[in-house]
Amino acid sequence: MNLSNIKKEFPIFKNKNLVYLDSANSSQKPQSVIARINDFYSNEFSNVGRSVHALSIAATNNYENTRISVQKYINAKSKDEIVFTKGATEAINLVANTFGQKYLKEGDEILLTELEHHSNYVPWHYLRSLKGVKIKFAEVNEDGEVSIESIEKKITSNTKIIAVTHLSNVTGAILPIKEITELAHSKGIPILIDGCQGAPHLKLDMQDLDCDFYTISCHKMYGPTGLGILYAKKKWLEELPPYQGGGGMIKEVKKDSISFGDLPNKYEAGTMATAQVVAFDQSIKFLEKIGMNSVIQHEKELIDYGQEMLRKNNSVKLVGNPKKKGAVLSFTIEGIHPHDIATILDEDGVAIRAGHHCCQILHETLGITATARASLGIYNTKEDIDRLNSSINKCKKIFNLK
Amino acid sequence: MNLSNIKKEFPIFKNKNLVYLDSANSSQKPQSVIARINDFYSNEFSNVGRSVHALSIAATNNYENTRISVQKYINAKSKDEIVFTKGATEAINLVANTFGQKYLKEGDEILLTELEHHSNYVPWHYLRSLKGVKIKFAEVNEDGEVSIESIEKKITSNTKIIAVTHLSNVTGAILPIKEITELAHSKGIPILIDGCQGAPHLKLDMQDLDCDFYTISCHKMYGPTGLGILYAKKKWLEELPPYQGGGGMIKEVKKDSISFGDLPNKYEAGTMATAQVVAFDQSIKFLEKIGMNSVIQHEKELIDYGQEMLRKNNSVKLVGNPKKKGAVLSFTIEGIHPHDIATILDEDGVAIRAGHHCCQILHETLGITATARASLGIYNTKEDIDRLNSSINKCKKIFNLK
Amino acid sequence: MNIKELYQEIILEHGKNPRNLRKTDNFNKDAKGYNPLCGDNVHIYLKLNEKKKVEDASFEGSGCAISMASASIMTDLVKGKEENEVKEIINDFLGMIKINPELKSKNLKDDERTKLMCLSGVKQYPMRVKCATLSWHTLISAIDNTQEEINTERLD
Amino acid sequence: MNIKELYQEIILEHGKNPRNLRKTDNFNKDAKGYNPLCGDNVHIYLKLNEKKKVEDASFEGSGCAISMASASIMTDLVKGKEENEVKEIINDFLGMIKINPELKSKNLKDDERTKLMCLSGVKQYPMRVKCATLSWHTLISAIDNTQEEINTERLD
Ligand SMILES: Cc1ncc(COP(=O)(O)O)c(C=O)c1O
Ligand SMILES: Cc1ncc(COP(=O)(O)O)c(C=O)c1O
């Protein structure tokens, strides 16, 4: 697949005026994914699981095929380590809830970082009120990175689990998650990686990485909304208690007792997002066809180009300057509130996001209330960055800035 | 809309051989719903919520529009009483978890019925192990009904919540939920109605019904997979603690404390099933266009016709004989296991389901391990019932029955 | 619609140099408001005399140009007006910013009306309407002494 | 593929009147199996002599025609065979029911092979394969004494 022509694969860009720079929020969808949803509903729809009619058998096979595609894509050891959820947020809630229930008690510590998205903080916060555990935050440095040392500093003998982002959705910092995992394991601490921003932009290899949990948000990865993935080592899925209860996840139900189904059913209660799972197979195929090496190279060129251009632009200040950076360009302009920037850019068809991006702690630490964020997808081009820059200049003009 | 032509609205029935009788499991989708998903992804896609660019604003308006459509459709008092979930199962888990957390303690009782789906039992079961509460089951009678008396018998001074199905997914019994709600409230007990099977087939009026919680499964209601609805009275949503934590549901996040957003955001953590919510508006429009009176009349004719036909068929035994019955024809054939029935019917293009239909307790009570279930949707016809019957006769022939 | 109609000079000027950005001494009414969308927050202070006339109005807070300008213009305008008049003006403003083409209040002088109409461009930017109305809703809350923090997500 | 190839007379007959549907006296190996899909369950009992020869095999349980017939034919067939032979036959059967066109085991007599091949129609019905294999997997578990209940959802 030719990357210079890639916008053609995304129907939304029939609107030639659109410069979509909000992919960290949610990515656009390629035609193959949209068409698969359409086909599935139009010609093949059935619930999966326990019906034995032909539609149901085919749907179940398609559903389980995606599980295998995901397994291979992230190089997990077993397909049973792939759990479909409604989103990354649910995946993290699932781990926090079940891990907390079984293993945490008063005085135990959970180690996060100051970079974390609310979705990788609020679920752990619940354990604070419920169980009296403590939450510690590894510090972010002035470049918007979290180093292995700053993690190490906050580990104590009470640290029971570490949860860190793979790639910051504000500063774009790529964390040294393999080293952090090694460090955690050297102290016998399990680790969750919030891979929402990592998965669409970086190569994944669960067996090499060796983390205990990894969470993915499919809608940020050229897939349908309403779908996420929890990767978890089999031993955890076996040892942890179930999360939501309902149809499909049980083995035997009696009036006084219930036994739970085997993996991965144990964690997939109720009717799942069948059509979305079936279609997500196409998202993976799409990425495989391009190849993650090409994705990474393409996006690196854009990031470098964008950073250079914005650095040269007077009064624009980039937020974070990490050595390893991906997919995200956050910035402020002295004298213009980010929401005003976003509104003015939108008038030119340049879609960015403004606010705290669900990272209030990071913003407080950096001493800013809000940032403007341009985030990249595979479909972006240098022309998009040029358009971003010239709209920023228009902003400055409206606000009488130099 | 002409009901005799309604199959034309559903692309799946381009396959003329298909007799789809598995709608209680999941319904087929009309073209308008499928097209809306397609359009939304192709031309309008964006995440909802806090971005201020044009795509996001339009998506947010569409998303919130569906909330208002749902509110009107079920006649809820406020749109803030409508919470989108990933399914009815999640909706029930949400209530069980948050209600249990705040209000239940050892010795308290939860009252269910023997008719309940596992999704309206397992979430409550968790509270048994976690909190030491007791679960009681109102008895089903030999007609497969649960009467108001059998509910009343099991209420004690310790009963803290009642959770009952609106329409049984096995016997088709329609429970007297308005009377049960009055009874519950007369004793100061809140009530949850599992409306998975009720919502697609019956008229809903939350203000008239006055129940505290009502749960809906959108994929059974001609809508997309991966979407459910929790209706809850505002006072409950205000008083109960939040459920999952993450982006979008918070107000202010600090390192040592978090405050939660207002309704309905408080219960919608993380990126929601945007496309599915947007498309569900078309499901409601579709039902409104036909009119629930027509739906009810059409399905009643089919149920009556089907019951009569199956009653006349030797060796076929209908499961349950409720006075008020909807949408479901479950049966057994002496000498043929339901799974064998389902396989043979499938060979003729007749899609039914066999098993315990996530109602093991009911099956145990009725003394049968499994049933065959033909369940109806708006698209079914008397010819479908005829085809069902003649395939049953084929079964009997293969198994050498009279 | 041109973006310059939203960001008129007078808005930019008030946004940059907001009037009354301070805390009124001896205020007798106040209320807080918050807009989770922008992170904008505002704290309104009022000093009413015995005749319920506004002797002073001020605000603290931070936010986008629209919300700062709106608070600035608003606090300027209510000074010297009576509580009833203020309430009437608030309703008029909120009506205009959402649907009405014009301001109808008899309690507004011509130049006041002109100044307020500078905010009317917001109408075309639905996500930004809350930026313009935050301080006004908070003002109602202050007058009524509801003690409830205004949160724009609760407002339509 | 005709449905009658799945429900051959011999299957229907074994399904209706299963052989060895009882509990072996003095069994020395046993295991339970469960198929959550159908609710089928089976309990296999074996009596092996000192030379590891199957003196008796039986089962208890309920299920669809396919699963009952499969257990019935299987228990009939293993009687008189040695443990090694039985294991070899199981592998052969499981291979055939999934992919192989034929049974290759030397330990099967011709009439035994013919009888087992009556179950081969299941191959075309993926959701029903587990019905046919439940008792066989449970038999492995009994022989190996794993104490683990076989659950067909764990099997591919
Ligand atoms: C009566 C009843 N309750 C609850 C559910 C669970 O709904 P869902 O699987 O959509 O979460 C179902 C359907 O499976 C049902 O029929
Ligand atoms: C770093 C990070 N973590 C978690 C999330 C939550 O993902 P979702 O909203 O898809 O559940 C997001 C995106 O919103 C994110 O950027």
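Just so we're clear, the structure is a prediction, and the values are computed from it rather than from any experiment.

(A) Structural view of the site of ligand 2. Inspection of the region around ligand 2 gives 14 residues, with Thr89(A), Asp194(A), Ser217(A), Lys220(A) and Thr271(B) positioned closest. Measuring from an oxygen atom of ligand 2, one finds a side-chain N or O atom of Ser217(A) at 2.6 Å. For ligand 2, an oxygen atom lies 2.6 Å from a polar atom in the side chain of Thr271(B). When the free accessible area of ligand 2 is taken as 390 Å², the share hidden by the protein chains comes to 95%.

(B) Looking closely at the nonpolar core. Ile74(A), Tyr214(A), Ile378(A), Ile74(B), Tyr214(B) and Ile378(B) are the most contacted members of the largest nonpolar core, which has 148 residues in total. The next biggest cluster of nonpolar side chains, apart from the first, holds 77 residues, and it includes Ile57(A), Ile3(D), Ala57(D) and Tyr125(D).

(C) Spatial organisation of the environment of Pro123(A). Topologically, Pro123(A) is positioned in helix H4 (residues 122-131). Given the relative accessible area of 3%, Pro123(A) is considered buried. Distance from Pro123(A) to Asn93(A), taken between C-alpha atoms, is 5.2 Å for residues 30 residues apart in sequence. Beyond its immediate stretch of four places on either side in the chain, Pro123(A) contacts Ile92(A), Asn93(A), Ala96(A), His118(A) and Gly245(B).

(D) Representation of the domain arrangement of chain A in the model. Residue and element names in this part refer to chain A. Along its sequence, chain A is organised into domain 1 (3-29 + 291-398) and domain 2 (33-288). Distance between the C-alpha centres of domain 1 and domain 2: 27 Å. Domain 1 puts 42 residues into the contact, and the matching count from domain 2 is 35 residues. Taking both partners together, domain 1 and domain 2 bury about 3,100 Å²; carbon and sulfur atoms supply 60% of that area. It is Lys 29, Met 292 and Leu 362 in domain 1 that bury the most area against domain 2; as a group they hold 20% of the surface buried on that side. Our enumeration of links across domain 1 and domain 2 arrives at one salt bridge. Looking at the side of domain 1 that touches domain 2, the elements with two or more residues in it are helix H10 (292-312), strand S12 (328-333), helix H12 (360-366) and strand S15 (371-375). Grouping the amino acids of the side of domain 1 that touches domain 2 by side-chain chemistry returns 18 nonpolar, 17 polar and seven charged.

(E) The arrangement of the pairing of strand S2 (residues 40-48) of chain D in detail. All names here are of chain D. Of all nine residues in S2, seven are buried, a share of seventy percent or more. Here seven bridges tie strand S1 (residues 29-35) to S2, and the two strands are oriented antiparallel to one another. From the neighbouring strand, Lys 32 faces S2, where its bridge partner is His 43. Sheet analysis places S2 next to strand S3 (residues 54-62), joined by eight bridges and oriented antiparallel. In the strand pairing of S3, Asn 41 is matched with Ser 62. The antiparallel pairing of S2 with S3 creates a hairpin that spans five residues between the two strands, and Lys 52 there sits at a positive phi of about 60 degrees.

(F) Geometry of the site of ligand 1. Taken together, 15 residues lie near ligand 1, and Thr271(A), Thr89(B), Asp194(B), Ser217(B) and Lys220(B) sit nearest. Among the chains of the assembly, those with residues near ligand 1 are chains A and B. Between ligand 1 and Gln197(B), the relevant distance is 2.7 Å, taken from an oxygen atom to a side-chain nitrogen or oxygen of the residue. At 2.6 Å, a side-chain N or O of Ser217(B) approaches an oxygen atom of ligand 1. Out of a free accessible area of 390 Å², ligand 1 has 95% covered by protein chains. Residues belonging to the shell around ligand 1 are distributed by class as follows: two nonpolar, 11 polar and two charged.

(G) Structural context of the pattern of salt bridges. Evaluation of the coordinates by the stated rule reveals 60 salt bridges over all chains. Lys233(B) serves as the salt-bridge partner of Asp210(B), at 3.0 Å between the closest nitrogen and oxygen. In this pair, Asp210(B) sits in the loop between helix H7 (206-209) and strand S7 (213-217) while Lys233(B) sits in the loop between strand S8 (228-232) and helix H8 (234-239), placing the two residues 23 residues apart along the sequence. The class of Lys233(B) is buried, set by a relative accessible area of 18%. When salt bridges with common partners are traced through the structure, they connect Glu64(A), Arg67(A) and Glu268(A) into a single cluster.

(H) Geometry of the arrangement of the chains. Considering every one of the five pairs of chains in contact, the largest contact total is recorded for chains A and B. There is no contact between chain C and chain D; across them, the least C-alpha separation is 46 Å.

Rules of the game
Residues numbered from 1 in each chain as written. Chains lettered and ligands numbered in written order. Predicted model: local features only at pLDDT ≥ 70, side-chain atom pairs only at ≥ 80, totals over all residues. Heavy atoms only, no water. Near = heavy atom within 4 Å. Polar contact = N/O pair within 3.5 Å; in protein donor to acceptor, adjacent residues only side chain to side chain. Areas by Shrake-Rupley, 256 points an atom, 1.4 Å probe, with all protein chains shown as cover. Core = buried A, V, L, I, M, F, W, Y, C linked by side-chain atoms within 4.5 Å. Buried < 20%, exposed > 50% of the residue type's maximum accessible area, 1.4 Å probe, protein only. Helix = DSSP H or I, 4+ residues; strand = E, 2+ residues; numbered from the N terminus. Contact = heavy atoms within 4.5 Å. Domains from an automatic or database assignment. Buried area = accessible area lost by both parts, 1.4 Å probe. Salt bridge = Lys/Arg side-chain N within 4 Å of Asp/Glu carboxyl O. Nonpolar A, V, L, I, M, F, W, Y, C, P; charged D, E, K, R; others polar. Pairing = 2+ DSSP bridges.

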